[in-house]
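# Geometric and topological summary
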Amino acid sequence: MKYDIVVIGGGPAGLAAAIEAHKTGVKNVLVIERDKELGGILQQCIHNGFGLHEFKEELTGPEYAQRFIEQLKEMGIDYKLDTMVLNMTKDKKIQTINSVDGFMEIEAKAIVLAMGCRERTRGAISIPGDRPAGIFTAGAAQRFINMEGYMVGKKVLILGSGDIGLIMARRMTLEGAEVKAVVELLPYSGGLTRNIVQCLDDYEIPLLLSHTIIDIKGKERVEEVTIAQVDERRKPIKGTERTFDVDTLLLSVGLIPENELTLKADIDLDQRTAGPIVNESMETSVSGIFACGNVVHVHDLVDFVSAESRRAGKNAAKLVLNQLNTEEEYLRIKAESGVRYTVPQKVRVGNVDRFLEVFFRVQDVYRDANLVIKSGNEKLLSIKKPHLAPGEMEKINIPLSMLEKAQDTEIRICIEKEGEVI
Amino acid sequence: MIKELICIVCPKGCHLKVDTHNEYKVSGNQCQRGIDYGVVELTNPTRVVTSTIRIKGGIHKRVPVKTNGAIPKTLNFECMKIINSLEVEAPVKVGQIISKNILGTNIDLVITRDM
């Protein structure tokens, strides 16, 4: 089977990429999705807050997904459900399986990776104690409650104050559970501020910063979870232990881009993002394989995913139509002093339209700082940023004219306060 | 008296200052919606409620719903009681009204996806 473009993943990233590829002029597109419907993780995100940038409306996850699903169907783009991609090679051959078509080999001129991410588990962070039932990752619990119709527990403790943990604190409370506390290792929360207000403050659920779990007790089901405060080296402080009587523990301890297939094709990953290194066209280190959405770096807003994925889809189509400039030298984007990473990591200036959209995250919480772009000895741009936090991905549009002025084959993005680097 | 609160209208989360003794004047906002929020939040706080209801014959056991606007925060759990008493049969469409004028708020409960 041959397709011009195969998109792996039918969530918000894959949908936006496929639609944009089609709009750009490549009609022979296939979206492969492992779940029984399109929409990806949005289908279980029944809360609102989606689409403020994209549609200037506040939508729930399923509503946002439906807009794209309807568009994809209207455009007649092919898609396969309940289909798992088993393997992907450097020369863009994909092996898939499902119970209708069986085993299939598909050849593509370009591939767009949009597999999203998975949740970090208890084992991965080595939480000590018994191993009873009643311990779920927050996203798994979300799926159980919102789609499968199970109430996962009644007396709950949540580890991790990222958005998923906060959203589930509210969800479980509304469904009649008692959420005793949200426990966070770091001295600050990783989630959006609006979620702290709407999910914790509204229900008087305590947020215990600088705490972690030191023991779990329970024979067949969780019975008790013990936490302790931690010091600057994140080590438990003796004497600060507290035990909670709970039957459920939810873990919201990080998302990991799902790059098993990416590695099978020998694509280079960025250690800082755990996703593939991409250029201005969202193309990976293997020509013709593009990537977008959470598989590249974990996003906070689906609106940013859609914008990024449109770029991937558009450029995958341009490559197929031989409209992409593949010859040029790369301008590197270096993240320094307070900036943890940027996506993309490198640019071919000839492929940039009017400006380059760069997403980035900072290392720490910074107030009243400046975002600075430098090249050589020159300061190209400085923007006042009253509030920057690691849990809030930022975006900056770098004008083409500024990229053309860059020297030394690299531009550096960093944080400065009062003229000094952090 | 200056009350400090964080706006929740959009993910920016502006830190607002509202002067309750001076006509609820708002500062710290980056848009008009922030001003509206600052005043409403201190006089009559409202929230959009999102949840799920039982569905028969659908691809899943639950279909998501939302209040089609923000209702007084104090009615959240009453609203959940109503939501938990409802059941629908597939097929349903996004935007379909499942309960009109919930708790006398003039706001409807709607389905948020086709199923």
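Residues numbered from 1 in each chain as written. Chains lettered and ligands numbered in written order. Predicted model: local features only at pLDDT ≥ 70, side-chain atom pairs only at ≥ 80, totals over all residues. Heavy atoms only, no water.

## Considerations on the overall build of chain A
Convention followed: Put simply, DSSP marks the helices as runs of H or I at least four residues long and the strands as runs of E at least two long, and each gets a number from the N terminus on. The quantity called the radius of gyration is restricted to C-alpha atoms. Its globule counterpart is 2.2 Å times the number of residues to the power 0.38. Exposed residues in this analysis have more than 50% of their type's maximum accessible area, buried residues have under 20%, and partly exposed residues fall in between, with area computed by a 1.4 Å probe over protein chains only. Contact definition: two residues touch when any of their heavy atoms are within 4.5 Å.
Assigned secondary structure in chain A consists of 8 helices and 30 strands. The globule rule puts the C-alpha radius of gyration for 422 residues at 22 Å, and the 22 Å found for chain A is close to it. For chain A, the C-alpha atoms occupy an extent of roughly 65 × 60 × 40 Å along the three principal directions. Every one of the 422 residues in chain A was classed for burial, and the buried ones make up 58%. Considering only residue pairs separated by 6 or more positions, chain A has 63% of its internal contacts joining residues 24 or more positions apart.

## Quick notes on the pattern of salt bridges
Here is the rule: By definition, a salt bridge exists where a carboxyl oxygen of Asp or Glu is found within 4 Å of a side-chain nitrogen of Lys or Arg.
Taken as a whole and judged by the stated rule, the model has 35 salt bridges over all chains. Between A:Arg310 and A:Glu54 there is a salt bridge whose closest N-O contact spans 2.7 Å. Within this pair, whereas A:Arg310 is found in helix α7 (residues 302–320), its partner A:Glu54 is found in the loop between β3 (48–50) and β4 (59–60), the two being separated by 256 residues in sequence. Here A:Glu148 and A:Arg143 are joined by a salt bridge, their closest N and O atoms 3.1 Å apart. Here A:Glu148 falls in the partly exposed class, since its relative accessible area comes to 30%. In the salt-bridge network here, residues are joined through shared partners; they are A:Asp202, B:Glu41, B:Arg47 and B:Lys73.

## A look at the packing of aromatic side chains
Residue and element names in this part refer to chain A. As a reminder of what qualifies: Side-chain rings of Phe, Tyr and Trp, where Trp is taken by its six-membered ring, are said to pair if the distance between their centres is within 6.5 Å; with planes under 30 degrees apart they count as stacked, over 60 as edge-to-face, and otherwise as tilted. A positively charged side chain is recorded as over a ring if its NZ (Lys) or CZ (Arg) lies within 6 Å of the ring centre. The angle to the ring normal must also be within 35 degrees.
Summed over all chains, the structure comprises 7 aromatic pairs over all chains. Each ring, one from Phe304 and one from Phe359, has its centre 5.2 Å from the other, and the planes form 40°; the classification is tilted. Remark: Phe359 occurs in strand β25 (residues 355–362) and Phe304 occurs in helix α7; sequence separation between them is 55 residues. Just as Phe304 is buried, Phe359 falls in that class too. Within the aromatic cluster, the residues linked to one another by ring pairs are Phe55, Tyr64 and Phe68. Directly above the ring of Tyr330 sits Lys346, whose terminal nitrogen or CZ lies 4.5 Å from the centroid.

## Considerations on the interface of chain B and chain A
Quick note on the threshold: Buried area is calculated as the accessible area (1.4 Å probe) missing from two parts once they are joined, with the contributions of both summed. Throughout this description, a polar contact denotes any pair of N or O atoms lying within 3.5 Å of each other; where both atoms belong to protein, one of them has to be capable of donating a hydrogen while the other can accept it, and for residues adjacent in sequence the pair is counted only when both atoms sit in side chains.
The partner chain A presents 31 residues to the 27 residues of chain B that form the contact. Between chain B and chain A, a total of about 2700 Å² is buried, with carbon and sulfur atoms accounting for 54% of that surface. At the junction of chain B and chain A, the tally comes to 4 salt bridges. Of the charged contacts in the structure, one is a salt bridge between B:Lys66 and A:Glu63, with a shortest N-O distance of 3.1 Å. The interface formed by chain B and chain A includes 16 residue pairs in polar contact (both at pLDDT 80 or more).

## Topic: the sheet that holds strand β14 (residues 211–217) of chain A
Residues and elements named next belong to chain A. Spelled out, the test is: Only when DSSP finds a minimum of two bridges between them are two strands counted as paired. Axis lines are fitted through C-alpha atoms, for helices just across the contact stretch, and the angle between N-to-C directions can take any value from 0 to 180 degrees.
Read from one edge of the open sheet, 3 strands run β14-β15-β16, paired in antiparallel fashion. Sheet topology places β14 and β16 (242–245) at the edges, where each strand pairs with a single neighbour. Pairwise comparison of adjacent strand axes, ignoring direction, gives a mean angle of 30° for this sheet. Of the pairings in the sheet, the one linking strand β15 (residues 224–229) to β16 comprises 4 bridges and is antiparallel in character. Across the sheet, Glu224 pairs through a bridge with Asp245, a residue of β16.

On their own, these measurements won't tell you what the molecule is for.
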